[in-house]
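Here is how the chains run, residue by residue.
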Amino acid sequence: MTYIVEKKEDARTVTEEDENGEPVFDQNPVKVTCPFCGRDTITFIEYESSWVTYAVCIVLLFVLNWAALCVVPVVYPLFKDVVHHCPRCLSVLATRSRVAISSFKQEVMSLRFGSCVVVLARKYVIGLSAILLVIAGFNMMRNSGAASTDIEVWARGPDVSSTWQDFLRDCGFKSYLGNPIHVSVAFNEKFKNQTVSWEGQVHHVEDSLSFLWLNQRGAIFTHMNPQQFPQKRDLADLVLLFNDGDAVAKAAGKLARGQRFAFEATFVEVGKRGAPHVLALWEVRPLQDASSNSSLAVLEVLDLASVTLAYPGGQNSGPCQRRFAHTRRRARR
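Predicted, not measured: the structure shown is a model, and the values here were computed from it.

Draft legend 1. Just the sheet that holds strand 3 (residues 44-48), in detail. Taken together, three strands build an open sheet; the order of strands is 3-4-5 and the sheet is antiparallel. Of all strands in the sheet, those bounded by a partner on one side alone are strand 3 and strand 5 (92-97). With direction set aside, neighbouring strand axes in the sheet form an average angle of 25°. Inspection of the sheet shows strand 3 paired to strand 4 (residues 81-85) by five bridges, in the antiparallel sense. Residue Glu48 lies in a different strand from strand 4, and its bridge partner there is Asp81.

Draft legend 2. Summary view of the pattern of salt bridges. Scanning the model with the defined rule gives eight salt bridges in all. Where Arg156 meets Glu264, a salt bridge forms, and the shortest distance between an N and an O atom there is 2.5 Å. With Arg156 in the loop between helix 4 (122-143) and helix 5 (164-171) and Glu264 in strand 14 (residues 260-269), this residue pair connects regions lying 108 residues apart in the sequence. For Arg156, a relative accessible area of 38% gives the class partly exposed. Residue Glu264 is classed as buried on the basis of its relative accessible area of 14%. Between Arg285 and Glu264 there is a salt bridge, with the nearest N and O atoms lying 4.0 Å from each other. Of this pair, Arg285 sits in strand 15 (residues 277-286) while Glu264 sits in strand 14, placing them 21 residues apart in sequence. A relative accessible area of 41% places Arg285 in the partly exposed class.

Draft legend 3. Region of interest: the nonpolar core. Ranked by size, the top nonpolar core spans 29 residues in total, and within it Phe167, Trp198, Ile220, Leu240 and Phe263 carry the most contacts. Taken together, the elements giving at least two residues each to this core come down to helix 5, helix 7 (180-190), strand 9 (195-206), strand 13 (238-242), helix 8 (248-253), strand 14 and strand 15. Setting aside residues no more than four positions away along its own chain, Phe263 makes contact with Val196, Ser197, Trp198, Glu199, Gly200, Met224, Leu238, Leu240, Leu281, Glu283 and Val284. By size, the runner-up hydrophobic cluster in this structure holds nine residues, among which are Ala219, Phe221, Leu241 and Val278.

How each quantity is defined
- Residues numbered from 1 in each chain as written.
- Predicted model: local features only at pLDDT ≥ 70, side-chain atom pairs only at ≥ 80, totals over all residues.
- Heavy atoms only, no water.
- Pairing = 2+ DSSP bridges.
- Helix = DSSP H or I, 4+ residues; strand = E, 2+ residues; numbered from the N terminus.
- Axes fitted to C-alpha atoms, helices over the stretch in contact; angles between N-to-C directions.
- Salt bridge = Lys/Arg side-chain N within 4 Å of Asp/Glu carboxyl O.
- Buried < 20%, exposed > 50% of the residue type's maximum accessible area, 1.4 Å probe, protein only.
- Core = buried A, V, L, I, M, F, W, Y, C linked by side-chain atoms within 4.5 Å.
- Contact = heavy atoms within 4.5 Å.

Next up, the structure:
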């Protein structure tokens, strides 16, 4: 029985040695002579967090914001260190990182995260790195002149009389597909930092959020007439941003989905690749729907007709009054 147990333990251990005959401590238990108690034993391992673990988690929180709450629990165990202990005296024999990158001088390079290993030839690593650098540089060049929506203070620009149709003609999605450079130039010349007074329809409203270092402005996602995407009603044309402390925040929070409203806002950024155009919101006024106005007009006509039928001396006025009363009730509904 003892022989079988020893064989099982041997199967779970790694007996790799370096050029000097010393055991190689890695992610598996190894046979070693403990320098503290002097006994031949097999190490047991534990996983402990290091500064690399916490640094990676902090970087993910800053880059991904709330999405990091889904990524960090998966990544966190991969960056823990492997600690080898002596089972006799419980002394720490070695600590190894679970993240390892082979030397660039080797023809075959490997990148390890925990139990996952990526092995590539050096020429492919150089090629992939060059492609990533070119893509990153091209993206930085394209976005170098873009306006940032993360500025702390927005200034209201001068009022312009341009209409939504004028904006669509110069900076709409169809124009962007045809010539994105022309759209950027036209936006900077005609609309950037300019204040417009338009009317739209509420797609949905997102409340502002402030928690620790995470700050998210409130936003009214707006449909315009005509829409940029008539066949995709789930896509908004404009996003009107506001801060929680602004006077307009209270009025914006009362808007209902599908409600028409008038607003005054300053252009901040033109939408790209189908994204809504970004504006800073200053004023908002709810509007009465056309359907409500038509219903009120119908009620006024019915009231007038009811008064006419109630005139003394009118013959057969009873059935007519009942018919008009029924019609009024249906109109009020």
